[in-house]
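# Survey of secondary and tertiary structure
Single-letter residue listing:
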Amino acid sequence: MKLFALAFALLLPASGLFAACRGIDYRDHLPSATRAQLDREMAATPFSDGNHWVATRGNRTIHVIGTMHGGDARMAKVMRTLRPALLSAQAIFLETSDQDMERLDRMPTALTRSFLLPQGRELRHLLTPEAWQRFKLTVQATGANLDSMNRMQPWAISMFLVQSGCRPYGFGLRRGLDDRIAGFARRKKIPLGALETPEQALAAISGMPLRDQARMLELELQLVQSDMPEDATPVEAYFDQSVWTSFVLAPWISARYSSFSYAETKRLWAQYNRRLLDQRNIRWMKVIGGASQDRFVVAVGAAHLPGRNGLLNLLKAKGFSLSRAPW
């Protein structure tokens, strides 16, 4: 699992990469109108709650488990609850596999294509002059190399530049639920499968228009240099089994601490979610539908479960019955 470690190494000093999450849960600080909007959007979102569902159709039973990629001590209790479902599976499908990650480490061309800007493009030309100055200040604070990052795609900088323990992003992180499930499967000799290759996952986000990538980075830079408290909402919402609340609130939080309008932050987040969630979910369904096993587990980031194009709703559209499982 070296790919994301390499990305961190390109961007940040070696120490302090995984600080503990000490942020606030913004759900506890919502104006009444925002709370009402959140409740409406959650009610309108298919399968907006729940981290563990069982999909059944005929002889086929699929346990769909929403994971958090980053580590948290509370995962030990979650794993105890999930063991019966894991042990009953003929196979467990994760987002990607250790073997594919190791293979990608030997393919610098594939990594470069996803992380670096096209030849002749520079980050300083994608950002506004004000944002470029903010960026230089952030780079100086982290000790990263400005010339190297000037050649990187904005999505990679935005995801990895901010040191935070409240951002459970990215496959391959240690001690998250995915990592624990993979370790359990290896110990119990349960076959592991992958829903996509790392190249496909990286292409999903690197295919986002550079203009929108740059705007998201500009937004990130403003948030980093604002008085915004660290956002622990995604982590806490995950353990409340309502992770979609953090996605609904993300545009509101971003607009509150930046010069960006709510409309633009909502547009940017919607674009991001289409690339990182919807499009991948639709592609994953081909793998799930083609699985040879009758009983298996699909364990993916919890944000892939809710929504019109969430895995649960896509399974329902294929004739599966869905029931919520203990957590």
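Residues numbered from 1 in each chain as written. Predicted model: local features only at pLDDT ≥ 70, side-chain atom pairs only at ≥ 80, totals over all residues. Heavy atoms only, no water.

## Structural notes on the overall build of the chain
Broken down by element type, the chain carries 16 helices and six strands. Within the span of the chain, comprising 327 residues, buried residues form 55% of the whole. As displayed, the chain offers around 15000 Å² of accessible surface, 52% of which is attributable to carbon and sulfur atoms. (Helix = DSSP H or I, 4+ residues; strand = E, 2+ residues; numbered from the N terminus. Buried < 20%, exposed > 50% of the residue type's maximum accessible area, 1.4 Å probe, protein only. Areas by Shrake-Rupley, 256 points an atom, 1.4 Å probe, with all protein chains shown as cover.)

## Section: the nonpolar core
Leu-123, Leu-127, Phe-135, Met-149, Trp-155, Ile-157 and Tyr-272 are the most contacted members of the largest nonpolar core, which has 44 residues in total. Of all the elements in the fold, those that place two or more residues in this core are helix 2 (32-44), helix 6 (123-126), helix 7 (129-142), helix 9 (154-161), helix 11 (198-206), helix 12 (210-224), helix 14 (244-256) and helix 15 (262-289). The element best represented in this core is helix 12, accounting for seven residues. Counting residues in hydrophobic clusters, the runner-up holds 23 residues, among them Ile-92, Ile-181, Ile-190 and Ala-299. (Core = buried A, V, L, I, M, F, W, Y, C linked by side-chain atoms within 4.5 Å.)

## Details of a positive patch on the surface
A cluster of like positive charges, contributed by Lys-77, Arg-80, Arg-83, Arg-175, Arg-187 and Lys-188, occupies part of the molecular surface. Breaking the positive patch down by element, the ones donating at least two residues are helix 3 (75-87) and helix 10 (177-188). With three residues, helix 3 is the single largest residue contributor to the positive patch. Counting through the fold element by element, Arg-175 comes out in the loop between helix 9 and helix 10. Exposure remark for Arg-175: the relative accessible area of 46% places this residue in the partly exposed category. (Patch = residues over 30% accessible without salt bridge, like charges linked within 9 Å, V, L, I, M, F, W, Y side chains within 5 Å. Salt bridge = Lys/Arg side-chain N within 4 Å of Asp/Glu carboxyl O. Lys, Arg positive; Asp, Glu negative; His and termini not counted. Charge placed at Lys NZ, Arg CZ, Asp CG, Glu CD.)

## Overview of the sheet that holds strand 5 (residues 295-301)
The strands making up a sheet associate through hydrogen bonds between their backbones, and the pairing can be parallel or antiparallel. Read from one edge of the open sheet, six strands run 4-3-5-2-1-6, paired in mixed fashion. Of all strands in the sheet, those bounded by a partner on one side alone are strand 4 (192-194) and strand 6 (321-324). Each strand of the sheet is rotated relative to its neighbour by a mean of 25°, with strand direction disregarded. (Pairing = 2+ DSSP bridges. Axes fitted to C-alpha atoms, helices over the stretch in contact; angles between N-to-C directions.)

## Quick look at helix 7
End to end, helix 7 covers 20 Å across 14 residues, agreeing with the expected 20 Å (1.5 Å per residue, within 8%). Three or more residues of helix 7 are buried, namely Ala-131, Trp-132, Phe-135, Thr-138, Val-139 and Thr-142. One side of helix 7 carries all its buried residues, which in axial view fall inside an arc of 120°. When the buried face of helix 7 is taken as reference, the exposed residues oriented beyond 90 degrees from it are Pro-129, Glu-130, Leu-137, Gln-140 and Ala-141. (Expected span 1.5 Å × (residues − 1). Arc of directions from axis to C-beta.)

## Topic: the environment of Met-149
By secondary structure assignment, the location of Met-149 is in helix 8 (residues 146-149). Residue Met-149 is classed as buried on the basis of its relative accessible area of 0%.

## As for the confidence of the model for the chain
The predicted model of the chain averages 88 in pLDDT, with 86% of residues at 70 or higher. Every residue in residues 1-18 scores below 50 in pLDDT, and together they form 41 contacts with partners more than four places removed in sequence or on other chains. (pLDDT = per-residue confidence, 0-100. Contact = heavy atoms within 4.5 Å.)

## Digging into the pairing of strand 2 (residues 60-67)
Burial analysis of strand 2 places seven of its eight residues in the buried class, which makes it a mostly covered element. Bridging between strand 1 (residues 52-57) and strand 2 involves six bridges; their strand directions are antiparallel. The partner of Ala-55 across the bridge, within strand 2, is Ile-62. Where strand 1 folds back on strand 2, the antiparallel hairpin that results is connected by two residues, among which Gly-58 adopts a positive phi of roughly 60°.

## Quick word on the environment of His-125
Within the secondary structure, His-125 is located in helix 6. When the C-alpha atoms of His-125 and Asn-150 are compared, they prove to be 9.2 Å apart, with 25 residues separating the residues in sequence. A distance of 3.5 Å separates a polar atom in the side chain of His-125 from a polar atom in the side chain of Arg-124. (Polar contact = N/O pair within 3.5 Å; in protein donor to acceptor, adjacent residues only side chain to side chain.)

## Some remarks on the packing of aromatic side chains
According to the stated counting rule, one finds nine aromatic pairs in the structure shown. For the pair Tyr-238 and Phe-239, a centre-to-centre distance of 5.1 Å together with 85° between the ring planes defines the contact as edge-to-face. Here Tyr-238 matches Phe-239 in class, with each residue buried. Here the aromatic residues Tyr-238, Phe-239 and Trp-327 are joined through ring pairs into a cluster of three or more. Its guanidinium or amino end placed over the ring of Phe-239, Arg-74 lies 4.0 Å from that ring's centre, counting from NZ or CZ. (Phe/Tyr/Trp six-rings, centres within 6.5 Å; stacked < 30°, edge-to-face > 60°. Lys NZ or Arg CZ within 6 Å of the ring centre and 35° of its normal.)

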